[in-house]
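The lines below spell out each chain.
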Amino acid sequence: MEGERRIPVGNTTSQVYPLMNDKERTTPPPAPVPMGGSGKFSFPLRNAEQTKTQDKSVKETFTTRLLDGVVSVSLAALFFGLPVFFTGLTLQGLAFEKEMYFYFWLLLAIVSWVSKGVIVGEMKIRRTPLDIPILIFAVAYIASAAFSVDRWHSFWGSFGDPSRGVLSVISLIIAYYLVLSHFTIKRMYIMLSALLTSAFIVMVWSLLVVSGVHFLPSSIERYAPMSLLGSITSLMILLGAMLPLFIAAMSVLQSLPDRGRLFKLSLMAGLAVGIVLDLILLFLLFPYVSWLAVIGGFSFFLLYILAQVVKMEERLTWLPMLVLVILLAFYMIGSPINLKTTLPVEATPNMKLSWEIAKESTKNNLFLGSGPATYGYDFSLYRPQEYNQQPLSNLRFSQGTGLYLEAISTIGVLGVIAFTILLLSFVSVGLFLLAQKKEHNKFLSLGLWSMVTVMLVAALSKQFNGSILILGVLIAALALAVLMKESQSDESYLNLSLQSSPKFALALAFVFLVVSAGVAFTFAFIGKAFWSDVLAAQAMESSLGDADGVTKMTKASQYMPQESRYMSYLGQIYLTMASQELNKPEKDRDTDALKKYVESANGFAKAAQTMSPNDIIVQEVLAQTYENTLFVSGMNPDLLNAMQKAYEQASALEPHNPIYFVKLGQIKKTLANSAKADEQKTLLAESVSLFQKSIDEKPDFALGYFNLGLAQEASGDVDAAITSFARGIRVNRTGADADELKYNLARLLRIRGKEDDLKLAEVLLKEILADNDKSLNAYLTLGLVYEQTDRKDDAIKAYEKVKSLISGDNTETAKKQIQTFIDNVRAGKSNNVAASDARASESAVPSIIPPAAPIAPETQVPATNTLPAAPITPSSDPLVP
């Protein structure tokens, strides 16, 4: 055919080089490299005249070459660094660190891109089939953010994982055009090599961790994550997606000429080892693998090979079939034996829970949703009552399972429609180009699109964190660029020229200046954000009463004054300092400092709540701060009212959280202690109603039964109190909560003294002592039971045990009181009347709890006094009984 030449490459004889005539076919050029497999060469080659013409249109200088080099380095750094980068120095964790890493290299590439455009006089942006869908999605996303319940976090991203923020989405769009606009064969190999190398490092790291090998110095190991992708689930999504790319890369290498044979064999061996390591990790970490995504994506890869839509190097056609058989075998075998390393439990909301939240959220925010990066708000507000019946009901989730279900809640129907248009456009372009022009072999494209398939299925069915989201978008952009190149699609660019006319050039020059200034500002802002989080982490690592912690957290809040969480943490640090000051001997106590600490704690907590009134974590910290201030500074009616209002607002943001009803009930009960008789009766009735509401929300809520029984006892209804404690024991048979319920039931049974009450009380008290033989309350009440059943010697032994266990403040006074009990027994006097409500040194649940620990940004456990969650296996589902 005129205009092309054929040369042998490897064992193939049908490679086609465009733009070469028949006379040239016997002399293969050294530079071109086929993209793998047998079939026709995929990339058009430029002849000397074309190259010369382009060189005239774009003046190549050392500066422009340097700027091009910076772009290449930035792209390589993104594909290599995103899977492996971490510092372990920040409070928000790995997803935040990777986001900052992404911003840094993207901004560096943008600066180089814009600078080259100014120097050359024009800036080219690649036109793609996705331009209009991307524009529609961006507009819908920004519109949702404009009406968000938390505009700052919708712009910046949620605390801990900023990947859903407007800034992140716009950055991903820019990264997409950066990859497409600067795509060359050389850069393609650079990006692919960076990704493959990075994945290999991740696999080696992961295998060493799973094997329990301590391969890092202790000074570094304390900062190193178990999974370099933030979660093991995200790690397995990446490793499952890498299998097709490893095989595609091997096929490409196999089809190359044998020049540099040793180097080629080394690369082939490395890729083969990568496949083996990948399969080993998929088996060892079976519970964390999205098998539907992995097997589905690899089946897509094999389908195109078997149908010969894409031709593979013949000597390796057995490999993908073998890998698929191994994957299916793993899936049938199931989880392997126990590993040497204890892996973390990764609880995520299942599809049913995510669907319930999405469905309920549409009733209030149908079109625009609650705003990007506000899924935590939706989860708390719309989580169903049934969620409280699960072991992990004290967990909150800031991301949903499946991007679609998360999007329904956050960006609304309009955003979902825009996302669907974008997704369908992307998939349809890929399927169309893969199936067209079979004479252009697209094996490398098939490998990349199979990766994308794995990630898409996982994104729609699993929780997708920021680390894998950013990497997935970059891989998708690269997959489209390679496919368009291998398909020899027409290249069209939007040319922003400074040379067209003076007026237009002046306008574009102004735009370039604005963009440059914006990039410089963003660089500084990203640096401040990262450093502020490092300072916040250092503050939280230090003792919470440490002045250095206050200084660092103050600086963090100054660098990032928009972040309300820093304000909340600062308030908690001041509250802890107040508690420490209060615990000092009275002669050493600084009352002025104590007052200052309390005022600062309340001030910062309130400032945080003002900044983020719809953030349940911030609202909860405010309520806890008021509560603990009462503990530190004593009873204050105004502060108690403020605490009540704060918990009411928290309950409005999370209406099915039972702990808030307990807190509100405790407030009512506390107010009743100082109220007049009529008002006291009303307040106690209200507290009983609130405690009952907490039990209605969570039928096995031990704290609810406990407080309900105490309130009923205070109301004079001992029989009802006994019934409540007994019901609580039936649903909480073991543990510290059960012991508290048993103790109070035994105490009331002893007071009531009907029929077998004393026998049952004795049994309950002995069960408590079997679990905890140092329980002062249990021994004291048991002694009283022995007195009532005329076992004086046993009563004396019980009191002697109490006396031996007493420690702490006022020890001598307490021991004298117990000695009086002993003397009374020996003298034949009863202690029952005087000690009917005695507590030696413990109280079951004080109305004002001790200072609460700061709420961690990742776990986001609700209020203090929630019951600890039972351990589950990695594959457990929060909504599965």
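Before reading further, recall that the structure is shown in the block above.
For the structure given in this document, a descriptive report is provided here. (Residues numbered from 1 in each chain as written. Predicted model: local features only at pLDDT ≥ 70, side-chain atom pairs only at ≥ 80, totals over all residues. Heavy atoms only, no water.)

Examining the environment of Glu 360
Looking at the element boundaries, Glu 360 is found in helix H13 (residues 351-361). Given a relative accessible area of 26%, Glu 360 falls into the partly exposed group. For Glu 360 and Ser 409, which are 49 residues apart along the polypeptide, the C-alpha to C-alpha distance reads 8.5 Å. Within the structure, Glu 360 has its side chain in polar contact with the side chain of Lys 363 (distance 3.1 Å). (Helix = DSSP H or I, 4+ residues; strand = E, 2+ residues; numbered from the N terminus. Buried < 20%, exposed > 50% of the residue type's maximum accessible area, 1.4 Å probe, protein only. Polar contact = N/O pair within 3.5 Å; in protein donor to acceptor, adjacent residues only side chain to side chain.)

Some remarks on the packing of aromatic side chains
This model, assessed by the stated rule, comprises 33 aromatic pairs. With a centroid separation of 5.2 Å and an interplanar angle of 85°, the aromatic rings of Phe 104 and Trp 105 are classed as edge-to-face. According to the relative accessible area criterion, Trp 105 is buried, its value standing at 18%. Between Phe 521 and Phe 525, the ring centres sit 6.2 Å apart and the planes meet at 20°, which makes this aromatic pair stacked. Taken together, the residues span about one helical turn, with Phe 521 and Phe 525 both in helix H19 (residues 502-541) at a distance of four residues. Here the basic side chain of Lys 124 rests over the ring of Tyr 493, its NZ or CZ set 5.7 Å away from the ring centre. (Phe/Tyr/Trp six-rings, centres within 6.5 Å; stacked < 30°, edge-to-face > 60°. Lys NZ or Arg CZ within 6 Å of the ring centre and 35° of its normal.)

Quick look at the side chain of Ser 775
With respect to the element layout, Ser 775 can be found in the loop between helix H30 (757-771) and helix H31 (776-788). Polar side-chain contacts of Ser 775 include one of 3.3 Å to the backbone nitrogen of Ala 778.

Observations concerning the packing of helix H29 (residues 736-752) against H30
For the pair H29 and H30, interaxial distance at closest approach is 8 Å and the crossing angle is 155°. One element, H29, and the other, H30, form an angle in the roughly antiparallel class. Between H29 and H30 the crossing geometry is left-handed. Mapping the contact onto sequence places Asp 739, Lys 742, Tyr 743, Leu 745, Ala 746, Leu 749, Arg 750 and Arg 752 in H29 and Asp 757, Leu 758, Leu 760, Ala 761, Leu 764, Leu 765, Glu 767, Ile 768 and Asp 771 in H30. For the contact of H29 with H30, a count of residues per class yields 10 nonpolar, no polar and seven charged. (Axes fitted to C-alpha atoms, helices over the stretch in contact; angles between N-to-C directions. Parallel < 35°, antiparallel > 145°, perpendicular 65-115°, else oblique. Left-handed = near helix turned anticlockwise from the far one by under 90°. Contact = heavy atoms within 4.5 Å. Nonpolar A, V, L, I, M, F, W, Y, C, P; charged D, E, K, R; others polar.)

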